[in-house]
Amino acid sequence: MNKFTRLIPLLLISFLSLTASAQGLKVNVVGKGSPMILIPGLTCDGAVYDETVKKYQSKYECHVMTLPGFAGNPAIAFEDNFIETVKDLVLEYINSNNIKNPTIVGHSLGGFIALSLAIDHPKDFDKLVIVDSLPFLTAIQVPAATAESAKPFAENMKNMMLSGQGNNEAMQRMMLQSMINDPKDIETALQWGAASDPATVAQAMYELYTTDLREDISKIESPILVMGAWIAYKDYGSTRESTLAIYEGQYTKAPNCTVKMTDTGKHFIMWDDPEFYFASIDSFLSAAE
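Keep in mind that this is a model prediction, so the values were computed, not measured.

### With respect to the pattern of salt bridges
With the rule as written, the count across this model stands at 14 salt bridges. Here Lys55 ties to Asp282 by a salt bridge, and the two come within 3.2 Å at their closest N and O atoms. Separated by 227 residues along the polypeptide, Lys55 in helix H2 (residues 50–56) and Asp282 in helix H11 (residues 274–288) bring together distant segments of the chain. Under the relative-accessibility criterion, Lys55 is labelled partly exposed at 38%. For Lys127, the salt bridge is made with Asp126, and the minimal N-O distance between the two is 2.4 Å. On the basis of relative accessible area, Lys127 is assigned to the buried category, the value being 4%. One connected set of salt bridges, linked through shared partners, spans Glu84, Lys87 and Asp120.

Shown next, in the form of structure tokens:
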């Protein structure tokens, strides 16, 4: 093998990354094997999956995305429909790179996007790994809410975010402390948030609060693993059992879904409880093969 031949895989990875970046996504491709798409959550860089990639790159070709407008990746125009725009970008990336039946790993907003993709294209995805994400976020706080009734609250929240209220560093750090255990990881997430586009973040949050996928997930044909977290809400009266019931209730219509709960991790389960996270994924991937 000559020097140029050895460089071909590296050149291909660079080409894929540059192509996706031009479309609004930033994508790093690592590993070889079955395709795996990894979509991070709100404001996060794809680096949130660094340990996941290290774990699975020997068996999976990992396509690690950073969404437009987050963690320094430039924002794009989305005409008041950020999630649909991102879904189109992800599908364009998959199709243009001839990726067949990928597994999708999605955290938070990334998990919601994964569910939405699998609803629209039920035969195109092998498995879904959903990390602390729900089909209808508002129903956690208001169980009787509908997508329509959530709009006034979501609009007020969006306007507050756009005005800068509650977006100072102290408030952001306090919020992240309820989502992440390790102070070093909190600082990393804080930096990603500071480098994110406020208008993109506000619109993404608005859509999460006003979109209800609980009925539509019945269309998903892929096996689904959902990992949830409860310990951060213990002081507010939540228990493992009550939180598990909420998650299972929201995923009732999914025909092939397993819900598991971490007992030590907060929202960033991949950082807070890697033993649970990897054991759950390993068991799911091997059982679904």
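### A word on unusual backbone geometry
Phi is positive for Ser108, which is not a glycine, with a value near 60 degrees. The residue Ser108 is located in the loop between strand E4 (103–107) and helix H4 (109–120) in this model. Overall, Ser108 belongs to the buried group, its relative accessible area being 17%. Although it is not a glycine, Asp132 sits at a positive phi angle of roughly 50 degrees. Along the polypeptide, Asp132 turns up in the loop between strand E5 (128–131) and helix H5 (151–163).

### Description of the nonpolar core
By size, the foremost hydrophobic cluster in this structure holds 53 residues, and its most contacted members are Leu109 and Leu128. Not counting chain neighbours up to four residues away, the residues in contact with Leu109 comprise Pro40, Gly41, Leu42, Leu67, Phe70, Phe82, Ile83, Ala204 and Leu208. Among the nonpolar cores identified, the runner-up in size contains 34 residues, and Met36, Cys44, Leu190 and Met227 belong to it.

### Quick word on the sheet that holds E5
In a beta sheet, neighbouring strands are held together by backbone hydrogen bonds and run either parallel or antiparallel to one another. Taking strand neighbours across the sheet as the criterion, the seven strands line up as E1-E3-E2-E4-E5-E6-E7 in an open arrangement whose pairing is mixed. Lying at the two open borders of the sheet, with one neighbouring strand each, are strand E1 (26–30) and strand E7 (257–262). The mean inter-strand angle of the sheet, taken between neighbouring strand axes irrespective of direction, is 15 degrees. Looking at chain direction, E5 and strand E6 (residues 224–229) are connected through four bridges and run parallel.

### Some details on the side chain of Ser196
Tracing the sequence through the fold places Ser196 in the loop between helix H7 (183–194) and helix H8 (198–209). Separated by 2.9 Å, the side chain of Ser196 and the backbone nitrogen of Ala71 make a polar contact. Within the structure, the side chain of Ser196 is placed 2.8 Å from the backbone oxygen of Trp192, a separation counted as a polar contact. Ignoring sequence-local partners within four residues, the contact set of Ser196 consists of Thr43, Gly69, Phe70, Ala71, Gly72 and Val201.

### Quick word on the pairing of E6
Across a regular strand the side chains alternate sides, sitting on one face of the sheet and then on the other. Among the six residues that make up E6, six are buried, leaving the element largely enclosed by the rest of the structure. Because side chains alternate across E6, one face comprises the buried residues Ile224, Val226 and Gly228, and the other comprises Leu225, Met227 and Ala229, equally buried. When E6 meets E7, the two strands line up parallel, connected through six bridges. Among the inter-strand pairings, Ile224 is bridged to a residue of E7, identified as Cys257. In this fold, E6 hands off to helix H9 (residues 240–250), which returns the chain to E7; that crossover is right-handed.

### A closer look at the packing of helix H6 (residues 169–177) against H7
H7 packs onto H6 with a crossing angle of 130 degrees between their chain directions and a minimal axis gap of 10 Å. Relative to H7, the element H6 is oriented oblique. Two packed elements cross with a definite hand, and for H6 against H7 that hand is right-handed. Here H6 contributes Glu169, Gln172, Arg173, Leu176 and Gln177 to the contact with H7, which in turn contributes Ile186, Glu187, Ala189 and Leu190.

### Considerations on the packing of aromatic side chains
Taken as a whole, this structure holds eight aromatic pairs when the rule is applied. Aromatic side chains Phe78 and Phe82 sit 5.7 Å apart centroid to centroid with 85 degrees between the ring planes, which places their arrangement in the edge-to-face category. Between Phe153 and Tyr209, the ring centres sit 5.4 Å apart and the planes meet at 75 degrees, which makes this aromatic pair edge-to-face. Placement of Phe153 in helix H5 and of Tyr209 in helix H8 is noted, with a sequence separation of 56 residues between them. Judged by relative accessible area, Tyr209 falls into the buried class, the value being 10%.

### Describing helix H3 (residues 82–96)
Since the α-helix packs 3.6 residues into each turn, any two residues three or four apart lie on the same face. In this model H3 runs 21 Å from its N-terminal to its C-terminal C-alpha over 15 residues, within 8% of the 21 Å that 1.5 Å per residue would give. Capping the start of H3 is the job of one residue whose side-chain oxygen sits 3.5 Å from the backbone nitrogen of Glu84: Asn81. Once H3 finishes, Asn98 follows within two positions and takes phi at roughly 55 degrees, a positive value.

### Quick notes on the packing of H3 against H4
Helix-helix packing is characterised by the crossing angle of the two axes and by the distance between the axes. The N-to-C vectors of H3 and H4 enclose an angle of 70 degrees; their axes lie 10 Å apart at closest approach. Compared by their axis directions, H3 and H4 come out roughly perpendicular. Along this stretch, H3 crosses H4, giving a crossing that reads as right-handed. Contacts between H3 and H4 involve Phe82, Ile83, Glu84, Val86, Lys87, Val90 and Leu91 on the former and, on the latter, Leu109, Phe112, Ile113, Ser116, Leu117 and Asp120. Residues of the contact of H3 with H4, tallied by class, amount to nine nonpolar, one polar and three charged.

Scoring rules and cut-offs
- Residues numbered from 1 in each chain as written.
- Predicted model: local features only at pLDDT ≥ 70, side-chain atom pairs only at ≥ 80, totals over all residues.
- Heavy atoms only, no water.
- Salt bridge = Lys/Arg side-chain N within 4 Å of Asp/Glu carboxyl O.
- Helix = DSSP H or I, 4+ residues; strand = E, 2+ residues; numbered from the N terminus.
- Buried < 20%, exposed > 50% of the residue type's maximum accessible area, 1.4 Å probe, protein only.
- Core = buried A, V, L, I, M, F, W, Y, C linked by side-chain atoms within 4.5 Å.
- Contact = heavy atoms within 4.5 Å.
- Pairing = 2+ DSSP bridges.
- Axes fitted to C-alpha atoms, helices over the stretch in contact; angles between N-to-C directions.
- Polar contact = N/O pair within 3.5 Å; in protein donor to acceptor, adjacent residues only side chain to side chain.
- Right-handed = clockwise from strand over helix to strand, strands pointing away.
- Parallel < 35°, antiparallel > 145°, perpendicular 65-115°, else oblique.
- Left-handed = near helix turned anticlockwise from the far one by under 90°.
- Phe/Tyr/Trp six-rings, centres within 6.5 Å; stacked < 30°, edge-to-face > 60°.
- Expected span 1.5 Å × (residues − 1).
- Nonpolar A, V, L, I, M, F, W, Y, C, P; charged D, E, K, R; others polar.

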